[in-house]
Amino acid sequence: MTINVAMTVNGKAASGKVEARTLLVQFLREHLGLTGTHVGCDTSQCGACVVHLDGKSIKSCTILAVQAEGGKVTTIEGLAESAEKLHPMQEAFRENHALQCGFCTPGMVMSAIDMVKRHNYQLDEATVRRELEGNLCRCTGYHNIVKAILAAAPAMKSAGV
Amino acid sequence: MYDFAYHRPKTMAEATAALKGKPEARPMSGGMTLIPTLKQRLAKPSDVVDLNGIKELAGIKVDGSGVTVGAMTRHADVASSADVKGAIPALADLAGHIGDPAVRNRGTMGGSVANNDPAADYPAAVLGLDATVTTTSRTIKADDFFKGLFETALEDGELITSITFPKAEKAGYMKFPNPASRYAMVGVFVAKTAGGVRVAVTGAGPCVFRVKAMEDALARNFSADAIKDIKVPADGLNSDIHGSAEYRAHLVTVMARRAVDQANK
């Protein structure tokens, strides 16, 4: 079954013809060329595919593209204000060397932003570690990821994002 | 994933109509189980009827006797609901430990209960709190709802619309989560309500079940010590790469004691 799907992706209108079974992550990567969103485990466990749908973090490997019809999707490509000015969370990941191979990073950043907002910019280390349960880093780089998220929370608040 | 015809009804009537006469059609709520199942080609539905567009199915209502949760209410919304936290804190706490934050933003109570995964958390709360499941055609008591491995009293085309939980005097839920999937290796929900004490175990067997010996002991003395020597037999419990039946049987007593401690806090 082929369906026309239309949604807003990173602030711009995006549409295409998809099969009913097309996953949101496939639509983002293969139809829109937004390959920053990764497919890691493909079983909703690793979190490399996390994007925001209507402001909430979701695993884009476990939702159909047609289910995002009319929705607002934000991917890792939609965060930075410009090539020179990263989102405070991206900046914090860079400052704190919160990545090694980088494969999990887009999902980590998307989950981290959702986490900071849900906790009203106030986080402690234990909360960050618990909240990261759906994002796996196989380089075992959690230490710096946690540091980056703790640093980004006040930075996001002062930047108003 | 095999292809299918996709439907997005806006009302329950449209959803029921979309399922009618199609034995291979499947309703989809949060999709947190159905989509992985389809991806592995373990199911081949002719039609997927997506319930996410039905506004009337989501929401939480509280009255003096308990909490009613609409079938399409997300785990994240149950976990963060001031109403649920106030009336049955153990239920909000349970919801806040299902899967991970992104899963909780999609997964729904109705979907979890209808699917009756042997390791799902909500069935333990439904059975442990003696909840009532309301469907498109009737109401079903928890004791009559869960029938076996992925099996419930629901008939073809019958959809859960809401679940009503009576308020508990005391309630607690503790689970030993699988480190990767966060599914319960064993989870125990303990509740002391006007109707008595109930102990419901998920993750350990093919289907959520009650432990009468623990219920009787806790009715006499609602303390962790009262059940420390009560063991469930390992016979018939789940055994897989994550843990043997004997290990799960042991965990039932450990988690039950912790759940009682939690309930007494």
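What counts, and where the lines are drawn
- Residues numbered from 1 in each chain as written.
- Chains lettered and ligands numbered in written order.
- Predicted model: local features only at pLDDT ≥ 70, side-chain atom pairs only at ≥ 80, totals over all residues.
- Heavy atoms only, no water.
- Helix = DSSP H or I, 4+ residues; strand = E, 2+ residues; numbered from the N terminus.
- Buried < 20%, exposed > 50% of the residue type's maximum accessible area, 1.4 Å probe, protein only.
- Contact = heavy atoms within 4.5 Å.
- Areas by Shrake-Rupley, 256 points an atom, 1.4 Å probe, with all protein chains shown as cover.
- Lys, Arg positive; Asp, Glu negative; His and termini not counted.
- Charge placed at Lys NZ, Arg CZ, Asp CG, Glu CD.
- Axes fitted to C-alpha atoms, helices over the stretch in contact; angles between N-to-C directions.
- Parallel < 35°, antiparallel > 145°, perpendicular 65-115°, else oblique.
- Left-handed = near helix turned anticlockwise from the far one by under 90°.
- Core = buried A, V, L, I, M, F, W, Y, C linked by side-chain atoms within 4.5 Å.
- Domains from an automatic or database assignment.
- Buried area = accessible area lost by both parts, 1.4 Å probe.
- Salt bridge = Lys/Arg side-chain N within 4 Å of Asp/Glu carboxyl O.
- Polar contact = N/O pair within 3.5 Å; in protein donor to acceptor, adjacent residues only side chain to side chain.
- Nonpolar A, V, L, I, M, F, W, Y, C, P; charged D, E, K, R; others polar.
- Pairing = 2+ DSSP bridges.
- Phe/Tyr/Trp six-rings, centres within 6.5 Å; stacked < 30°, edge-to-face > 60°.
- Lys NZ or Arg CZ within 6 Å of the ring centre and 35° of its normal.

Visitor: Any chance you could explain the overall build of chain A here in plain terms?
Guide: On a plain count of helices and strands, chain A comes out with five helices and five strands. Helices (α) and strands (β) of chain A occur, in sequence order from the N terminus, as β-β-α-β-β-β-α-α-α-α. The principal-axis extents of the C-alpha atoms in chain A amount to approximately 45 × 30 × 25 Å. Expressed as a percentage of the 161 residues in chain A, the buried residues total 52%. Taking all contacts inside chain A whose residues are at least 6 apart in sequence as the whole, residues at least 24 apart take part in 57%. Accessible surface, chain A: about 7400 Å² in total, of which carbon and sulfur atoms supply 49%. Between the mean site of the 16 positive side-chain charges and the mean site of the 15 negative ones, chain A shows a separation of 1 Å.

Visitor: For this particular structure, what's the right way to read the packing of helix α2 (residues 88–95) of chain A against helix α3 (residues 105–118) of chain A?
Guide: Two packed helices can be described by the angle between their axes and the distance between those axes. All names here are of chain A. Look at α2 against α3: their axes get within 10 Å of each other, and the N-to-C directions meet at 125 degrees. Accordingly, the angle class assigned to the pair α2 and α3 is oblique. Judged by the twist between their axes, the crossing of α2 over α3 is right-handed. The residues of α3 that touch α2, namely those facing Met89, Gln90 and Phe93, are Thr105, Met108, Val109, Ala112, Ile113 and Val116.

Visitor: Can you help me understand the nonpolar core in this one?
Guide: Where a protein is soluble and globular, its nonpolar side chains tend to be buried together. In this structure, B:Val113, B:Tyr122, B:Val126, B:Ile163, B:Phe165 and B:Phe189 are the most contacted members of the largest nonpolar core, which totals 53 residues. Split by domain, this core shows at least three residues from each of two domains, domain 1 (1–54) and domain 2 (170–264) of chain B. Setting aside its immediate chain neighbours within four residues, B:Ile163 contacts B:Val67, B:Thr68, B:Val69, B:Met109, B:Val113, B:Val126, B:Ala131, B:Thr132 and B:Val133. Counting residues in hydrophobic clusters, the runner-up holds 33 residues, among them A:Val18, A:Leu64, A:Val66 and B:Tyr6.

Visitor: What's the story with the domain arrangement of chain A in this structure? I'm lost.
Guide: Where the parts come together, the accessible area they lose is often given as the size of the interface. Residue and element names in this part refer to chain A. When the domains of chain A are assigned, the result is domain 1 (2–78) and domain 2 (88–159). Here the C-alpha centroids of domain 1 and domain 2 sit 21 Å apart. The interface is formed by 18 residues belonging to domain 1 together with 13 residues belonging to domain 2. Together domain 1 and domain 2 conceal approximately 1100 Å² of surface at their shared face, both sides included; 60% is due to carbon and sulfur atoms. There are zero salt bridges connecting domain 1 and domain 2. Our count for the domain 1 to domain 2 interface comes out at seven residue pairs in polar contact (both at pLDDT 80 or more). Grouping the constituent residues of the side of domain 1 that touches domain 2 by class yields six nonpolar, ten polar and two charged.

Visitor: Help me understand the packing of α3(A) against helix α5 (residues 142–159) of chain A, please; the structure alone is not making it clear to me.
Guide: All names here are of chain A. For the pair α3 and α5, interaxial distance at closest approach is 10 Å and the crossing angle is 45 degrees. The orientation of α3 relative to α5 falls into the category oblique. Both α3 and α5 take part in a crossing whose hand is right-handed. Note on element contacts: α5 touches α3 through Tyr142, Ile145, Ile149, Ala153 and Met156, opposite Met108, Ala112, Ile113, Met115, Val116 and Lys117. Its residues assigned to classes, the contact of α3 with α5 comprises ten nonpolar, no polar and one charged.

Visitor: Is there a simple way to think about the pairing of strand β11 (residues 170–177) of chain B in this case?
Guide: The side chains of a regular strand alternate, first on one face of the sheet and then on the other. Residue and element names in this part refer to chain B. For β11 and strand β12 (residues 184–193), the ladder comprises eight bridges, and the chain directions are antiparallel. Its bridge partner being in β12, Met174 is matched across the sheet by Val188. Adjacent in sequence and paired antiparallel, β11 and β12 are bridged by six residues, among which Arg182 carries a positive phi angle near 70 degrees.

Visitor: How should the packing of aromatic side chains be read in this particular structure?
Guide: The description of an aromatic ring pair uses the distance of the two centres, along with the angle that the planes make with each other. All names here are of chain B. Enumeration according to the criterion identifies three aromatic pairs over all chains in this entry. Measuring from ring centre to ring centre gives 5.0 Å for Phe145 and Phe146, while their planes differ by 85 degrees; the resulting arrangement is edge-to-face. Phe145 gets classed as buried once you look at its relative accessible area, which sits at 0%. The ring of Tyr2 has Arg41 lying over it, and the distance from NZ or CZ to the ring centre is 4.2 Å.

Visitor: Sorry if this is basic, but what is going on with the sheet that holds strand β2 (residues 25–28) of chain B here?
Guide: The strands making up a sheet are joined through hydrogen bonds of the backbone, oriented either antiparallel or parallel. Residues and elements named next belong to chain B. Here three strands make up an open sheet; going across it, the order is β1-β3-β2 and the pairing parallel. Strands with a single pairing partner mark the edges of an open sheet, and in this sheet they are β1 (5–7) and β2. Strand-to-strand twist across the sheet, computed as the mean angle between neighbouring axes with direction ignored, equals 20 degrees. Two elements, β2 and strand β3 (residues 47–50), share four bridges in a ladder whose sense is parallel. Counted as the bridge partner of Met28 is Asp50 from β3.

Visitor: What is the right way to read the pattern of salt bridges from this model?
Guide: Where charged atoms of side chains with opposite charge meet at close range, the side chains can pair. Residues and elements named next belong to chain B. Inspection of every chain in the model, using the stated rule, returns 21 salt bridges over all chains. Residues Asp143 and Arg198 are paired through a salt bridge, measuring 2.9 Å at the closest nitrogen-oxygen approach. One end of the pair, Asp143, is in helix α9 (residues 142–145); the other, Arg198, is in strand β13 (residues 196–202), and 55 residues separate them in sequence. Using a relative accessible area of 8% as the deciding quantity, one classes Arg198 as buried.

Visitor: What is the right way to read the side chain of B:Arg106 from this model?
Guide: Mapped onto the secondary structure, B:Arg106 falls in the loop between α6 (101–104) and α7 (109–115). Buried within the structure, B:Arg106 lacks any salt-bridge partner; B:Asp50 is the closest side chain of opposite charge, at an N-O distance of 5.8 Å.

Visitor: Help me out: how do you make sense of α2(A) in this one?
Guide: At 3.6 residues per turn, the α-helix brings residues three or four places apart onto the same side. Where α2(A) is concerned, the buried positions are A:Pro88, A:Met89, A:Gln90, A:Ala92 and A:Phe93. A:His97 sits one or two positions beyond α2(A) and adopts a positive phi of about 50 degrees.

Visitor: Which parts of the structure should I look at to understand the domain arrangement of chain B?
Guide: When the domains of chain B are assigned, the result is domain 1 (1–54) and domain 2 (170–264). The C-alpha-based centres of domain 1 of chain B and domain 2 of chain B are spaced at 33 Å.

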